[in-house]
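Here is what each chain is made of, one letter per residue.
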Amino acid sequence: MELRFIIVRNMGFRRLTLYFVLLISVGKLHCDEHTHTYKDNEEVVLWMNTVGPYHNRQETYSYYSLPYCQGPKEVIGHYHETLGEALQGFELEYSGLSIDFKSDTPPTVFCEIELNEEKLKAFVYAVKNRYWYQMFVDDLPIWGVVGEPDDTKGEYYVYSHKKFDLAFNGNQIVDVNMTTEGKVLLTVGAKIPFSYEVHWKSSKTKFENRFDKYLDPNFFQHRIHWFSIFNSFMMVIFLVGLVSMILMRTLRKDYARYAKDEEMDDMDRDLGDEYGWKQVHGDVFRPAAKPLLFSALLGTGCQLLVVTVAVILFTILGELYTERGSLLSTAIFVYAATSPINGYFGASIYAQMGGKRWIRQMLCSVALLPAVVCGTSFFINFIAIYYHASRAIPFGSMVAVACIVLFVVLPLTLVGTVLGRNLAGQADYPCRVNAVPRPIPEKKWYMEPAIIVSLGGVLPFGSIFIEMYFIFTSFWAYKIYYVYGFMLLVFLILLVVTICVTIVCTYFLLNAEDYRWQWTSFFAAASTSGYVYLYSIYYFIFKTNGWLWNTVSKLPFLFFGKLHGPLFALD
Ligand SMILES: *[C@@H]1O[C@H](CO)[C@@H](O)[C@H](O)[C@H]1NC(C)=O
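Residues numbered from 1 in each chain as written. Predicted model: local features only at pLDDT ≥ 70, side-chain atom pairs only at ≥ 80, totals over all residues. Heavy atoms only, no water.

Remarks on the nonpolar core
- In terms of nonpolar packing, the biggest core is built from 83 residues, with Tyr68, Val146 and Leu186 touching the most fellow members.
- Other than its neighbours up to four places away in sequence, Leu186 contacts Leu115, Leu120, Phe123, Val124, Val127, Tyr156, Tyr157, Val158 and Ile192. (Core = buried A, V, L, I, M, F, W, Y, C linked by side-chain atoms within 4.5 Å. Buried < 20%, exposed > 50% of the residue type's maximum accessible area, 1.4 Å probe, protein only. Contact = heavy atoms within 4.5 Å.)

In structure tokens, the structure reads:
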């Protein structure tokens, strides 16, 4: 309902998303940077974000962890940080440089530092490791290198002058370039004056298109990408055809066989030449082992399905990738808002399995995903704190997340749980469950649940791994992932493939007269994530230092060698 409303009101979408983001944002908010309109001579804030090595986008530190100095202007007009930004490790700090809308600033020295041993070491390390920093003006990212090494002489230079070229269209900022100049040799005792200048010009670029220059269609809309999606699509058609054909034919054959058996007298049947899935009819509806955990997992899965589709749609409609952290904020909001789904499906399955400890089941549902996600991020957090990286999540954000879980997710899940137990808690099975579980006969090794599970993930993974390549690349390299339409398509393909695969797996298992199909079917689909995990390790080892370093690292030398400008202006 909500989604339809938003699609109809496409025009007002941005504003709407904004309210969502505002709803769960912490800190003070002000309007300029959100409306993106300025009056003449109005303050335009230059935010310093993070600094880090070029070959690892995920390793970032606060800009002022290098001994840079701040501009003289101390009063910050406004500061905002949304929850999404805080969690993603954005660490915006005011630069102290005054930039006024449409008014040029001549070259101005804003501060000076004198290098002592310690500061020198910090700068040399940064230059040696090709550190570069990120800044934001009106939500437009700017990148610049810290300095330039001259490895033959063993000398290191730092850039001391920043030249900003901004372009406006009407009362909005549509383009920004930064050039770094003023190489200063790093030596003990050197005095480095840091300076900046600002030039404004008028531009015909439309505000909606201002992010286009950061995108890399040659990479993301490469023939291979289209081809892989086409490929997966053909696989889906093939697989659906195969599954329906196999099931139709085999099931018809099975039915014919069972029908013939019916005609035989009881004597023959007792001789026992019946075999196959019909033998387990008295056991298939036996509750799964650990029904509490099983129903919590299924409930969370149903919710995640809705969250994923909704967030991808939001991103496509609202172009969320242009706003820092808003993707994560939206995801958190959608997750909180869709908790009744979790409660409903989890509780109804639990009740159908005859579970009685529904409060415990609900708490398990509520805590499952947040616990896993928070546990992982706390672990990363410890590492980040140890290295003083900007990834470290501020305490306030942790409290905010805890509050969302306690005061939004928990009550909503309770509502869903009560509804689920009362509306869909009655099991409606076509046959009774036998009092005594049937022994599971010996079977071929490839019919063992463990083998079925590990093979089950191969096809779903095969349909998404090219997309994973693009996602990993945008995660590690400085590329903005923006082809969310592709992502949606691939996600739907993944769904269909997974459904087909689990149906086939369940058929094989039941045919081998093993009735423990619930967990097997669940893990047959879930093993896809295991393959994705292995692939991410492979990517990290073989691509981030090899491919990434060899190809992407040529880019900065191409123009940082001659100097300077935005990375993504390059073709
Ligand atoms: C930024 O650089 C690009 C490419 O060199 C150029 O087309 C554009 O006009 C520049 N923008 C500004 C504001 O100077």
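There is more to say after this.
Points about the pairing of strand E10 (residues 155-169)
- Burial analysis of E10 places 11 of its 15 residues in the buried class, which makes it a mostly covered element.
- In the sheet, strand E9 (residues 147-150) pairs with E10 via 4 bridges, with the strands oriented antiparallel. Following the sheet pairing, Gly147 is matched in E10 by Val158.
- Connecting E9 to the next strand, E10, in antiparallel fashion are 4 residues, including Gly154 with a positive phi near 70 degrees.
- Bridge analysis of E10 against strand E11 (residues 172-185) gives 12 bridges, and the strand direction is antiparallel. Paired with Val158 across the two strands is Val184, which belongs to E11.
- With antiparallel pairing between neighbouring strands as the criterion, E10 and E11 make up a hairpin whose turn holds 2 residues, including Gly170 at a positive phi of roughly 65 degrees.
- Here 8 bridges tie E10 to strand E12 (residues 191-202), and the two strands are oriented parallel to one another. Along E12, the bridge assignment pairs Leu166 with Trp200. (Helix = DSSP H or I, 4+ residues; strand = E, 2+ residues; numbered from the N terminus. Pairing = 2+ DSSP bridges.)

Some points on the packing of aromatic side chains
- Per the stated rule, a full pass over the model turns up 50 aromatic pairs.
- Ring geometry for Tyr481 and Tyr484: centres 5.1 Å apart, planes at 80 degrees, overall edge-to-face. Comparing Tyr481 with Tyr484 shows no difference in burial state: the two are buried.
- The ring of Tyr157 has Lys183 sitting right over it, with the charged end atom 4.8 Å from the ring centre.
- One Lys or Arg, Arg324, reaches over the ring of Phe136 and ends 4.3 Å from the middle of that ring. (Phe/Tyr/Trp six-rings, centres within 6.5 Å; stacked < 30°, edge-to-face > 60°. Lys NZ or Arg CZ within 6 Å of the ring centre and 35° of its normal.)

Looking at the pattern of salt bridges
- Going through the model one piece at a time under the given rule, you end up with 15 salt bridges.
- A salt bridge links Arg210 to Asp138; its shortest N-O distance comes to 2.9 Å. In this pair, Arg210 is assigned in the loop between E12 and helix H6 (217-220) and Asp138 in the loop between strand E7 (131-137) and strand E8 (140-145), connecting sequence segments 72 residues apart. Both residues of the pair, Arg210 and Asp138, count as buried.
- Among the salt bridges present, the one from Lys183 reaches Glu148, with a minimum N-O distance of 3.5 Å. Residue Lys183 is found in strand E11, and its partner Glu148 is found in strand E9; the two are separated by 35 residues along the sequence.
- Of the residues examined, Lys183 reaches a relative accessible area of 46% and is grouped as partly exposed. (Salt bridge = Lys/Arg side-chain N within 4 Å of Asp/Glu carboxyl O.)

Observations concerning the side chain of Ser397
- Positionally, Ser397 belongs in helix H13 (residues 395-424).
- In contact with Ser397, other than residues within four places in its own chain, are Leu83, Ala86 and Leu87.

So, the confidence of the model for the protein
- When the pLDDT values of the protein are averaged, the result is 83; 86% of them are 70 or greater.
- Within the model, the stretch residues 1-31 combines pLDDT values under 50 with 46 contacts to residues more than four positions away or in other chains.
- Every residue in residues 556-571 scores below 50 in pLDDT, and together they form 38 contacts with partners more than four places removed in sequence or on other chains. (pLDDT = per-residue confidence, 0-100.)

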